[in-house]
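Structure assessment
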Amino acid sequence: MAAAPFDADGIDTGRPHPARVYDWFLGGAHHYPADAEFGTRIVALDPTARYGARHNRWFMQRATRHLAGPAGVRQFLDIGSGIPTEPNLHRVAQDLAPDARVVYVDHDPLVRVHAAGLLRGTGAGATAFVEADARDPELILERAAEVLDFSRPVALSLVAVTHFLPDTGTGTGTDGDGDTDGAHAVVARLVDALAPGSHLVLSQLSGDEETAWVGEAVDQYTTGGVALVPRTRAQTERFFTGCALLAPGLVQPPDWRPELGVGEVRDGTRVPLYAGVGRRE
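What comes next is a walk through the structure. (Residues numbered from 1 in each chain as written. Predicted model: local features only at pLDDT ≥ 70, side-chain atom pairs only at ≥ 80, totals over all residues. Heavy atoms only, no water.)

**Thoughts on the pattern of salt bridges**
One pass over the full model with this rule turns up 9 salt bridges. With a closest N to O distance of 3.0 Å, D35 and R20 form a salt bridge. Here R20 lies in helix α1 (residues 18-25) and D35 lies in helix α2 (residues 33-45), a separation of 15 residues in the sequence. Where D133 meets R135, a salt bridge forms, and the shortest distance between an N and an O atom there is 2.7 Å. Through salt bridges with shared partners, a single ionic network connects R62, E264 and R266. (Salt bridge = Lys/Arg side-chain N within 4 Å of Asp/Glu carboxyl O. Helix = DSSP H or I, 4+ residues; strand = E, 2+ residues; numbered from the N terminus.)

**Examining the environment of Q252**
Inspection of the secondary structure assignment puts Q252 in the loop between β6 (243-245) and β7 (273-280). Given a relative accessible area of 18%, Q252 falls into the buried group. A sequence separation of 49 residues divides Q252 from S203, and the C-alpha atoms of the two residues are 8.8 Å apart. Setting aside residues no more than four positions away along its own chain, Q252 makes contact with T269, R270, V271, L273 and A275. (Buried < 20%, exposed > 50% of the residue type's maximum accessible area, 1.4 Å probe, protein only. Contact = heavy atoms within 4.5 Å.)

**A few points about the pairing of strand β4 (residues 155-159)**
Of all 5 residues making up β4, 5 are buried, and the element is well covered by its neighbours. Burial of β4 is two-sided: the residues A155, S157 and V159 facing one way and the residues L156 and L158 facing the other way are all buried. Pairing between strand β1 (residues 75-79) and β4: 3 bridges, direction parallel. The residue of β4 that forms the bridge with L77 is L156. Inspection of the sheet shows β4 paired to strand β5 (residues 199-205) by 5 bridges, in the parallel sense. Bridge assignment links L156 to a residue of β5, and that residue is L200. (Pairing = 2+ DSSP bridges.)

**A look at the nonpolar core**
Grouped together as the largest cluster of nonpolar side chains are 33 residues, with contacts concentrated most on L77, I79, V103, L156 and L200. Of all the secondary-structure elements, those providing two or more residues to this core are β1, β2 (101-106), β3 (126-131), α6 (137-144), β4, α7 (183-192) and β5. Residue contacts for L200: discarding those within four places in its chain leaves L156, L158, V187, V191, F239, F240, C243, G276, V277 and G278. The next biggest cluster of nonpolar side chains, apart from the first, holds 28 residues, and it includes A19, A63, F76 and A275. (Core = buried A, V, L, I, M, F, W, Y, C linked by side-chain atoms within 4.5 Å.)

**Some remarks on empty space enclosed by the protein**
By the definition in use, this model includes 3 cavities of 30 Å³ or more. Quantified by volume, the largest cavity comes out at close to 60 Å³. Forming the walls of the largest cavity are M60, A63, T64, L67, F76, L77, L89, A155, L156, S157 and V201. When residues of the lining of the largest cavity are traced back to their parent elements, those giving at least two are α3 (49-68), β1 and β4. Here the lining of the largest cavity takes 4 residues from α3, the largest share from any one element. Its residues assigned to classes, the lining of the largest cavity shows 9 nonpolar, 2 polar and no charged. (1 Å grid on protein atoms, 1.4 Å probe; cavity = no way out; pocket = protein on both sides within 12 Å on 5 of 7 lines; lining within 4 Å. Points joined across faces, edges and corners; volume = space filled by probe spheres on them. Nonpolar A, V, L, I, M, F, W, Y, C, P; charged D, E, K, R; others polar.)

**So, the sheet that holds β7**
Strand order in the open sheet formed by 7 strands is β3-β2-β1-β4-β5-β7-β6, and the pairing between neighbours is mixed. In this open sheet, the two strands that pair with only one neighbour each are β3 and β6. Each strand of the sheet is rotated relative to its neighbour by a mean of 20 degrees, with strand direction disregarded. Relative to β2, β1 runs parallel, the two being bridged by 5 bridges. Across the sheet, residue F76 finds its bridge partner in β2, namely V102. (Axes fitted to C-alpha atoms, helices over the stretch in contact; angles between N-to-C directions.)

This is how it looks when you write it as structure tokens:
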């Protein structure tokens, strides 16, 4: 990888970025020295950090298996999709439902560079990539509607995304936290656009217990201009307003329907994330 502050694609390589650090945690190859160095510091503080990242990814895959399988969902909107890591969401969904239509959304330039890897799906279905910030739900919905029919159920995936959205933004309205583009307002706008029978898949960094690595991550990302906001169970449950949580409710990622897992490794280690799937009423 390039050692310069910016590479040929204009990507800032000198500061760790959440998507690239996540790629490092998952054993990927699309990151830079700054991302690996930061990931190494986190693992030194908490050797289970990589375990948690993998289980967060496995939670997405299990949720997708349920939705594309028994739940019968055929449309998926994955916001904050991150750097392609097999199997991606569309691979999981289209293995069960070849006609599934999937839209990925991300604003990281490196994700855009590798977006072609997200677009190889089945001929019967569709896969598309939208470059947009998670804090711009109107643009996301407008662009996603070119592929998805929002009058029919859609599975909205916000996996490890909301803790990168602040509680307040720069809007002038109110979401109960003060702004129209605060985290809860953004999720509420997206959920409001979904037809009954749609689902919200979400995981969020827990704020109910303080750990050294979480404090380090908050400090590092804040220094780099990226918000990282752990949230309590009650604050996380609020994202599911208008949705009925499916059993087993809001739990650690490894505990969400583990019977749907394929090739997962479990040792009982605690993962400081809340994960859940809700059905739009």
